[in-house]
Amino acid sequence: MKRLTIVEIQHRSEQGMTRPFLCRCDDDELYFVKGRAAGPRSLICEWLGGHLAKAFGLPVPDFALAIAPPELLDLHPDGSDLGILPLFASRQVMHVQEFSIAHLNKVSEQLQRDVLAFDRWVNNGDRTLTTRSGNPNLLWDNNEQKLVVIDHNLAFEAGFDTRSFSETHVFAGQIPLIDQDFIEPIRLRERCKRALDVWDSACNTVPKEWWYADVEQTVPADFDVSAARTLLGLYEKESFWSLTP
């Protein structure tokens, strides 16, 4: 798989747990890039979660693998946090702002249900927003007036709390429309089934370096592929889509 090469590190984000770097790559596009500081599990989740989200039909920015020349890293004070291993690069979407409560009514109910269902499917509890607080990991494209879905680094969570998810997810208001509708779970199961077609190819294109927690590649990363695939198969159970706390 062709990898982008970073040609310029512009700055590092002050927001987000992993604080990605805004970089220009050799295709002359800007990308938010995550690397060594994010950790191998986070990178694997971004890659696999991103592929599944796109296949599911969510509006996820294009993403790719990238590399950073050592001499470029040496010029940046935080260059070691990127590292020379393969990087996860998500293309920047222009004219966006962080998603807020004020944007809720601008997102179609169908798309809200799709995002909610996808996050439930992959055990992603990191898309919270209430009237008091939250971190939805969503953007609003002001030019196109549409939703942008980002960040899957906390997907496939082993300790996923279904009750907390149902109470705090940004689109939790759609839960009754899933629970009380006979057709909606059928539609969602079909979406999951189609999205799973990309699973094998996504796994096969994870950089080998990410599967290890150390540079010497002697300690496996904290990611169980078999457990993740088992989790994704739960969509077939009718009880899986009962989201009411």
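Scroll up for the structure.
Reading the values: rules and limits
- Residues numbered from 1 in each chain as written.
- Predicted model: local features only at pLDDT ≥ 70, side-chain atom pairs only at ≥ 80, totals over all residues.
- Heavy atoms only, no water.
- Helix = DSSP H or I, 4+ residues; strand = E, 2+ residues; numbered from the N terminus.
- Rg over C-alpha atoms; globule rule 2.2 N^0.38 Å.
- Buried < 20%, exposed > 50% of the residue type's maximum accessible area, 1.4 Å probe, protein only.
- Pairing = 2+ DSSP bridges.
- Phe/Tyr/Trp six-rings, centres within 6.5 Å; stacked < 30°, edge-to-face > 60°.
- Lys NZ or Arg CZ within 6 Å of the ring centre and 35° of its normal.
- Axes fitted to C-alpha atoms, helices over the stretch in contact; angles between N-to-C directions.
- Left-handed = near helix turned anticlockwise from the far one by under 90°.
- Contact = heavy atoms within 4.5 Å.
- Nonpolar A, V, L, I, M, F, W, Y, C, P; charged D, E, K, R; others polar.
- 1 Å grid on protein atoms, 1.4 Å probe; cavity = no way out; pocket = protein on both sides within 12 Å on 5 of 7 lines; lining within 4 Å.
- Points joined across faces, edges and corners; volume = space filled by probe spheres on them.

Participant: Residue-level account of the overall build of the protein chain, with values.
Facilitator: A count of helical and extended segments in the protein chain gives nine helices and 10 strands. Computed over the C-alpha atoms, the radius of gyration of the protein chain is 18 Å, within 12% of the 18 Å expected from 2.2 N^0.38 for a compact globule of 245 residues. With respect to the principal axes defined by its C-alpha atoms, the protein chain has extents near 60 × 40 × 30 Å. For the protein chain, with 245 residues in total, the buried portion stands at 49%.

Participant: Before we move on, could you go through the pairing of strand 1 (residues 4–12) and cite the residues and values that matter?
Facilitator: Sheet topology note: the strand 1/strand 4 (residues 63–67) ladder contains two bridges and is parallel. In the strand pairing of strand 4, T5 is matched with I67. As paired strands, strand 1 and strand 2 (residues 21–25) are joined by five bridges and run antiparallel to one another. Across the sheet, the residue bridging to H11 is L22, located in strand 2.

Participant: Could you give me a rundown of the packing of aromatic side chains, with the residues and numbers involved?
Facilitator: Applying the stated criterion across every chain yields a total of 13 aromatic pairs. Relative to W210, the ring of W47 has its centre 6.4 Å away and its plane inclined at 80°; by these criteria the two rings are edge-to-face. You can see W47 sitting in helix 1 (residues 40–56) and its partner W210 sitting in the loop between helix 8 (199–204) and helix 9 (225–232), a full 163 residues away along the chain. Per residue, the accessibility class of W47 equals that of W210, and both read buried. One aromatic cluster is present, built from ring pairs that chain together W47, F63, F88 and W210. One cation-aromatic arrangement involves R191 over F56; the distance from NZ or CZ to the ring centre is 4.8 Å.

Participant: If you had to explain the packing of helix 1 against helix 4 (residues 109–121) to someone new, which residues and values would you point to?
Facilitator: Angle between the axes and distance between the axes: these two values describe a pair of packed helices. Where helix 1 meets helix 4, the axes come as close as 11 Å, and the angle between the chain directions of the two elements is 140°. In this structure, helix 1 meets helix 4 at a crossing whose hand is right-handed. When helix 1 is examined against helix 4, the residues G49, L52, A53 and F56 are found in contact with a partner set consisting of D114, F118 and W121. Across the contact of helix 1 with helix 4, the residue classes break down as five nonpolar, one polar and one charged.

Participant: Describe the layout of surface pockets, naming the residues involved and giving the relevant values.
Facilitator: The volume enclosed by the largest pocket comes to roughly 830 Å³. Around the largest pocket sit 37 residues that line it, and P20, N137, L139, I150 and D151 are the ones nearest its centre. Those elements giving two or more residues to the lining of the largest pocket turn out to be strand 3 (30–34), helix 1, strand 5 (87–91), strand 6 (96–98), strand 9 (138–141) and strand 10 (146–149). Looking at side-chain class alone, the lining of the largest pocket contains 18 nonpolar, 13 polar and six charged residues. Considered as a void within the structure, the second largest pocket measures approximately 330 Å³ in volume. Lining the second largest pocket are 18 residues, and of these R36, L85, E209, Y212 and V215 lie nearest its centre.

Honestly, it's all geometry; don't read function into it.
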